[in-house]
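# Structural overview for review
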Amino acid sequence: MSEEDRKMWSELGMDLQAHDQLLEVLANNYREIYMSQGNRPKGTQYLDFVMNGIHGQRVAELLKEKEQGRKIVGSYCVFVPEEIVLAANATLVGLCSGADFAMEEVEKYLPRNTCSLIKSSLGFKLGKVCPFLESADMIVGENTCDGKKKFYETFSELVPNMYVMDLPQVKSEQGKELMRAEFYRFLQSLQDITGYRVDVESLKQGIKTVNEKRKAIHRLQSLRKADPAPISGLDSLLANQIYLYEDPQRFTREVHKLCDELEERIERREGAFPANTPRILITGCPMAVPNWKVPYIVESEGAVIVGEESCVGERGNRNLTRDDGNSLEDLMEAILDRYFQIDCAIFTPNQERTEHILDMAKRYRADGVIHYGLQFCQPYIQESFSAEKALRENDIPALRLETDYSQEDIGQLQTRVEAFLELLD
Ligand code: BJ8
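Quick caveat: nothing in here was measured; it's all calculated off a predicted structure.

Bringing the overall build of the chain into the picture now. Along the backbone of the chain there are 19 helices and 8 strands. Taken over C-alpha atoms, the radius of gyration comes to 21 Å for the chain, in line with the 22 Å a tight globule of 425 residues would show. For the chain, the C-alpha atoms occupy an extent of roughly 60 × 50 × 45 Å along the three principal directions. Across the 425 residues that make up the chain, the buried fraction comes to 60%. Of the roughly 17700 Å² of accessible surface on the chain, 48% is carried by carbon and sulfur atoms.

Here it is, written out as structure tokens:
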């Protein structure tokens, strides 16, 4: 890290000492988990580059955008429509939520039986170690699971720029009407903070930028159908993670370059792992940076992850937004249609998600599916039972894991994953 980075973090009001410790742990984990992988495609150097500047270069870029008059919007959920944010002359970034931090302090505000993702979101604020959060002009919370809803009430007492978006729980006409009203209210609030009027042209451009980014990640995902898989699940997960805060144009360009290389590898039958390595689909709760624990265990035990049914994965980036409308209303409706299809477990009923899991298991030719549930996450753990049942009925082996962000259960997880992989032989 440079002196300039430190000055920037200090001006953002961050705790430099705590942040140094965090970066050190992150760098060590990255070295151990990522740099130790064999046969990585050269294009993954882009992922290393982004991770290297995760709290440095990217934050400096965002602050520069601010100087030029753009606003920064932080979010914790893929329901926040990036197309509208971009059209309003703002940039959307995912906020830190992937590691335990300041846990003793966190438990003064939140019950112990809160999922790690929510605790982490608060820990990064209390510890003053998330530069994205400290740079944001608006922080969007969304009424999804109960844990998040109540957390945002607490959080709004700690951050002055909290905006809460209400969301439906049922995919009915009334549910869609609620989401429509909320997307228009969001558009208005963005215009209020940016002073910029969204028009047909800017919204079309916003849709185009996000669709291009989605097409790039779709291409990457699709190349993982090959056997041998040309890229590891860990590297693919990382691409999905940085998708949420990286500059969209650079992401699109670099991921396409990586895909060009992967196509050449597929032609040469060169893989990140040998052919016939057991193939795993991961489904369940999102994994934010630097939450790599379960994928690392799975791939260290000799399997390859070929897909993620997750918001940091296909659930988050599935479906493009139609861009053929000629009025603001048409384009807003297209955005609504796209986001209304997200099959988060907060919806009831949520049969689409089970269908997507089955469909992905077949498309990616998975030998088995691992359901990743964060402890105390009611919606996903509850759905893991029906997902497991549907998978078994389709003769697809399934394993349900429940864990958190600590390192304490690594041995136990290894044993369970190892036993599961033996079953697949
Ligand atoms: S659209 S999955 S990003 S809400 S793990 S906080 S559900 S108790 S993250 Fe999510 Fe949006 Fe849905 Fe996706 Fe609650 Fe579960 Fe914690 Fe979770």
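Another point: the site of the ligand. Every one of the 17 residues lining the ligand counts as a neighbour, but C77, C145, C311, C344 and C377 are closest to it. Looking at the shell around the ligand, its residues break down into 14 nonpolar, 1 polar and 2 charged.

A word on helix α18 (residues 378-393). Taking 1.5 Å of rise per residue, 16 residues should cover 22 Å, and α18 covers 24 Å from first to last C-alpha, within 8% of that figure. S384 marks where α18 bends most, by close to 25°. Packing partners of the buried residues in α18 comprise β5 (279-284), α15 (314-317), α17 (351-363), β7 (368-374) and β8 (398-403). Count one or two residues on from α18 and you reach D395, which has phi positive near 60°.

Turning our attention to helix α12 (residues 233-242). By the criterion of burial, α12 is predominantly enclosed, with 10 of the 10 residues buried. Within α12, burial applies to G233, L234, D235, S236, L237, L238, A239, N240, Q241 and I242.

So, about the side chain of T194. In this fold, T194 is placed in helix α10 (residues 173-194). Among the polar contacts made by the side chain of T194, one reaches the main-chain amide nitrogen of Y196 at a distance of 3.2 Å. Other than its neighbours up to four places away in sequence, T194 contacts K71, A88, N89 and A90.

Applying the stated criterion across every chain, the model contains 1 disulfide. Each sulfur of the disulfide joining C96 and C130 lies 2.3 Å from the other. On the sign convention where negative means left-handed, the S-S torsion of about 75° between C96 and C130 marks this disulfide as right-handed. Remark: C130 occurs in the loop between α7 (116-126) and α8 (131-135) and C96 occurs in the loop between β2 (90-94) and α6 (103-106); sequence separation between them is 34 residues.

When the charged atoms of two side chains lie near each other, side chains of opposite charge can form a pair. Following the criterion strictly, the structure yields 43 salt bridges and no others. Linking R6 and D20 is a salt bridge whose minimum nitrogen-to-oxygen distance equals 2.9 Å. In this pair, R6 is assigned in helix α1 (residues 3-11) and D20 in helix α2 (residues 16-35), connecting sequence segments 14 residues apart. For R6, a relative accessible area of 23% puts it in the partly exposed group. Members of the salt-bridge network, linked through shared partners, are R58, E61, E246 and R250.

Rules and cut-offs
- Residues numbered from 1 in each chain as written.
- Predicted model: local features only at pLDDT ≥ 70, side-chain atom pairs only at ≥ 80, totals over all residues.
- Heavy atoms only, no water.
- Helix = DSSP H or I, 4+ residues; strand = E, 2+ residues; numbered from the N terminus.
- Rg over C-alpha atoms; globule rule 2.2 N^0.38 Å.
- Buried < 20%, exposed > 50% of the residue type's maximum accessible area, 1.4 Å probe, protein only.
- Areas by Shrake-Rupley, 256 points an atom, 1.4 Å probe, with all protein chains shown as cover.
- Near = heavy atom within 4 Å.
- Nonpolar A, V, L, I, M, F, W, Y, C, P; charged D, E, K, R; others polar.
- Expected span 1.5 Å × (residues − 1).
- Bend = angle between axes of the 7 residues up to and from the residue.
- Contact = heavy atoms within 4.5 Å.
- Polar contact = N/O pair within 3.5 Å; in protein donor to acceptor, adjacent residues only side chain to side chain.
- Disulfide = S-S within 2.5 Å.
- Salt bridge = Lys/Arg side-chain N within 4 Å of Asp/Glu carboxyl O.

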